[in-house]
Amino acid sequence: MTELTPYLPQLAVAWTAYFIATASPGPAIIAIIATSISQGRRAGLALASGVLTGSYIWAILTASGLSALIRTYGEALIVLKIVGGCYLLWLAWNAYRAARRSEETYRAQMAAMPALSPRRQYLKGLGIHITNPKAIFNWIMLTSLGMPPGAPGGVMAAFIAGCMVLGVCVFLGFALVFSLGPVHRAYLKSRRVIEGVMAAFFAFAGFKLLTTRL
């Protein structure tokens with residue numbers, strides 16, 4: 001613990017930046033909210049767990065020197081960018097189709113449609129985050145905040161562990177809050193509007209990802 005003490009102020013800044021970044025609306029948070037209020041707590045927690053796993057895959061890769069690999073193999077990011085953008089556009093199309101359904105059609109389809117298994121929800125959340133190259137650069141930025149030059153390896157371990165705790169609170173917290181009964185009933189009343197906003201958001205995020213230079 002004594003070796004971490006001089007770095008605690010810098011770690012606090014990095015943890016605060018991570019909390020703000022993860023709690024801010026983005027494809028992952030929007031997907032967690034939508035899944036939790038439309039399909040319930042189990043589905044929301046499974047998807048949030050996938051997002052969380054994706055986040056820490058990037059964290060570990062960044063800690064292992066990913067920034068150097070990016071400079072060497074930048075072409076791989078272009079492929080990842082295209083895959084991530086197309087995935088977000090696919091989510092936008094699904095949300096748009098859901099928004100167009102009438103209440104009667106929606107309820108009939110929901111009754112006849114088997115819910116995604118927790119495993120598939122988990123993989124969906126993992127896919128949303130792992131195909132987002134912006135997450136890589138967020139982690140590189142956060143690592144530069146929390147890991148000053150010359151810091152011992154324990155500082156990086158403490159930084160990632162702190163981010164893991166915050167990520168659990170944020171991602172799983174959103175899933176728990178938005179799966180509550182009153183929230184679910186409010187969703188059913190405003191479903192078409194919410195799905196329309198979701199479609200617009202995912203379309204914007206996908207288009208921006210495909211057209212923005214990394």
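Figured I'd write up the structure that's included with this text. (Residues numbered from 1 in each chain as written. Predicted model: local features only at pLDDT ≥ 70, side-chain atom pairs only at ≥ 80, totals over all residues. Heavy atoms only, no water.)

Turning our eyes to something else, we now look at a nonpolar patch on the surface. Side chains of Ile78, Ile82, Leu89 and Leu210 sit close together on the surface and give an oily, nonpolar patch of about 320 Å² of accessible area. The dominant element in the nonpolar patch, judged by the number of residues it contributes, is helix 5 (residues 74–100), at three residues. Relative to the helices and strands, Leu210 resides in helix 11 (residues 191–211). For Leu210, a relative accessible area of 32% puts it in the partly exposed group. (Patch = residues over 30% accessible without salt bridge, like charges linked within 9 Å, V, L, I, M, F, W, Y side chains within 5 Å. Areas by Shrake-Rupley, 256 points an atom, 1.4 Å probe, with all protein chains shown as cover. Salt bridge = Lys/Arg side-chain N within 4 Å of Asp/Glu carboxyl O. Helix = DSSP H or I, 4+ residues; strand = E, 2+ residues; numbered from the N terminus. Buried < 20%, exposed > 50% of the residue type's maximum accessible area, 1.4 Å probe, protein only.)

With that settled, consider the nonpolar core. In terms of nonpolar packing, the biggest core is built from 42 residues, with Tyr18, Ile32, Tyr56, Trp139, Phe159, Phe171 and Phe202 touching the most fellow members. When contributions to this core are tallied by element, the ones reaching two or more residues are helix 1 (8–23), helix 2 (27–39), helix 3 (41–63), helix 5, helix 8 (133–146), helix 9 (153–177) and helix 11. When neighbours within four sequence positions are excluded, Tyr18 is seen to be in contact with Ser55, Tyr56, Trp139, Leu142, Cys163, Leu166, Gly167 and Phe171. (Core = buried A, V, L, I, M, F, W, Y, C linked by side-chain atoms within 4.5 Å. Contact = heavy atoms within 4.5 Å.)

Glancing now at the packing of helix 2 against helix 7 (residues 118–130). Two packed helices can be described by the angle between their axes and the distance between those axes. At their nearest, the axes of helix 2 and helix 7 sit 9 Å apart, and the two run at 160° to each other. Between helix 2 and helix 7, the interaxial angle falls into the category roughly antiparallel. Where helix 2 crosses over helix 7, the handedness of that crossing is right-handed. Along the contact surface, helix 2 presents Pro27, Ala28, Ala31, Thr35 and Gln39, while helix 7 presents Gln121, Lys124, Ile128 and His129. Grouping the constituent residues of the contact of helix 2 with helix 7 by class yields four nonpolar, four polar and one charged. (Axes fitted to C-alpha atoms, helices over the stretch in contact; angles between N-to-C directions. Parallel < 35°, antiparallel > 145°, perpendicular 65-115°, else oblique. Left-handed = near helix turned anticlockwise from the far one by under 90°. Nonpolar A, V, L, I, M, F, W, Y, C, P; charged D, E, K, R; others polar.)

Just distances and angles here, no functional claims.
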